[in-house]
Amino acid sequence: STLSTARRLQLADGDWETLLEQPDAELIDLLQSRCGLKSRDGDIDEIVRCAEKLEDLAAPVPDMEARALEFAARGNAKCAKLAVGWRPPGAYPSPDATEPTAEEIELQRTFIDRSLALLQKAIELGFMDTEWIREDPDYAALQGLPERGAEFRIAVVQHVPSGVTIAPTATGRVTCDLHHP
């Protein structure tokens with residue numbers, strides 16, 4: 001990328017319209033950065049706006065469509081954590097969080113479902129960096145819900161390239177391992 005780190009952060013955290021003026025390939029990375037910055041602020045609406053734009057960019061940027069969709073999935077996974085009281089940048093779930101309301105749980109489920117659908121589509125389109133699935137704390141809401149663990153595994157396994165194994169652990173978390181022939 002030709003943008004300096006300082007300029008990239010300034011664009012990512014700045015005016016929405018100025019951000020959208022950037023070339024599509026740059027915009028994908030800038031929107032991902034904006035999702036991260038806005039998750040620290042707990043700004044679900046802004047993360048959703050970024051994730052929706054990333055989805056829109058997937059088709060016009062063919063070489064980066066899987067990456068754009070994975071970024072959108074990650075944004076929705078962050079929203080799933082925020083919906084039930086996660087306070088970034090700490091551990092999820094937040095140790096001092098209050099019990100989520102039924103409405104918060106329903107909102108979280110909406111974000112989890114959206115994240116799963118986007119992640120599955122990204123894998124169908126060739127997303128292969130499955131180490132993120134196992135290690136990225138942004139996906140903690142998907143990995144940490146026992147009733148969603150199997151669903152997460154199924155959504156991902158349906159289109160996982162050969163040489164990749166995804167399995168639940170005893171704690172209900174999902175692991176993903178690459179096997180090289």
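Heads up: the structure comes first, above all this text.
Parameters at a glance
- Residues numbered from 1 in each chain as written.
- Predicted model: local features only at pLDDT ≥ 70, side-chain atom pairs only at ≥ 80, totals over all residues.
- Heavy atoms only, no water.
- Helix = DSSP H or I, 4+ residues; strand = E, 2+ residues; numbered from the N terminus.
- Buried < 20%, exposed > 50% of the residue type's maximum accessible area, 1.4 Å probe, protein only.
- Contact = heavy atoms within 4.5 Å.
- Areas by Shrake-Rupley, 256 points an atom, 1.4 Å probe, with all protein chains shown as cover.
- Polar contact = N/O pair within 3.5 Å; in protein donor to acceptor, adjacent residues only side chain to side chain.
- Phe/Tyr/Trp six-rings, centres within 6.5 Å; stacked < 30°, edge-to-face > 60°.
- Lys NZ or Arg CZ within 6 Å of the ring centre and 35° of its normal.
- Salt bridge = Lys/Arg side-chain N within 4 Å of Asp/Glu carboxyl O.

Chemist: Looking at this structure, I do not really get the overall build of the protein. What am I missing?
Modeler: In terms of regular secondary structure, the protein is built from nine helices and two strands. Helices and strands appear in the protein in the N-to-C order α-α-α-α-α-α-α-α-α-β-β. For the protein, the proportion of its 181 residues judged to be buried stands at 45%. Long-range contacts, defined here as pairs at least 24 residues apart, represent 57% of the contacts in the protein between residues at least 6 apart. Of the roughly 9,200 Å² of accessible surface on the protein, 52% is carried by carbon and sulfur atoms.

Chemist: For this particular structure, what's the right way to read unusual backbone geometry?
Modeler: A cis geometry characterises the amide bond from Pro88 onward to Pro89, with omega recorded as 5°. Relative to the helices and strands, Pro89 is located in the loop between helix 5 (65–83) and helix 6 (102–124). The step from Tyr92 to Pro93 runs through a cis peptide bond, and the omega angle for that step is -5°. Relative to the assigned elements, Pro93 resides in the loop between helix 5 and helix 6.

Chemist: How do you make sense of the environment of Leu107 when you look at a structure like this?
Modeler: For Leu107, the location among the structural elements is in helix 6. Here Leu107 falls in the partly exposed class, since its relative accessible area comes to 36%. Remark: the alpha-carbon pair of Leu107 and Cys79, spanning 28 residues in sequence, is separated by 8.9 Å.

Chemist: I'm lost on the side chain of Ser94 in this one. Help?
Modeler: One can find Ser94 in the loop between helix 5 and helix 6. A polar side-chain atom of Ser94 sits 2.8 Å from the main-chain amide nitrogen of Arg87. Ignoring anything within four residues of it in the chain, the contact list for Ser94 reads Gly85, Trp86 and Arg87.

Chemist: Explanation requested: the packing of aromatic side chains in the structure shown.
Modeler: We describe a pair of aromatic rings using the distance from one ring centre to the other and the angle between the two ring planes. Taken as a whole, this structure holds zero aromatic pairs when the rule is applied. Stacked on the ring of Trp16, the Lys or Arg Arg49 has its end atom at 3.9 Å from the ring centre.

Chemist: Looking at this structure, I do not really get the environment of Leu125. What am I missing?
Modeler: When you line up the elements, Leu125 lands in the loop between helix 6 and helix 7 (131–135). Overall, Leu125 belongs to the partly exposed group, its relative accessible area being 37%. Each C-alpha atom of the pair Leu125 and Pro62 lies 9.5 Å from the other, and the pair is 63 residues apart in sequence. For Leu125, the contacting residues outside a window of four places in its chain are Glu65, Ala66 and Leu69.

Chemist: Explanation requested: the pattern of salt bridges in the structure shown.
Modeler: As a working rule, side chains carrying opposite charge can pair if their charged atoms are close by. Within this structure, the stated rule accounts for 10 salt bridges. Between Arg67 and Asp29 there is a salt bridge, with its nearest N and O atoms 2.6 Å apart. Taken together, the positions of Arg67 in helix 5 and Asp29 in helix 3 (residues 24–40) put the pair 38 residues apart, joining distant regions of the chain. Arg114 is paired through a salt bridge with Glu55; the nearest N and O atoms lie 2.1 Å apart. Pair noted here: Arg114 is in helix 6 and Glu55 is in helix 4 (residues 44–58), with a separation of 59 residues, a long-range link. With relative accessibility at 24%, the residue Glu55 sits in the partly exposed group. Through salt bridges with shared partners, a single network forms among Arg34, Glu46 and Arg49.

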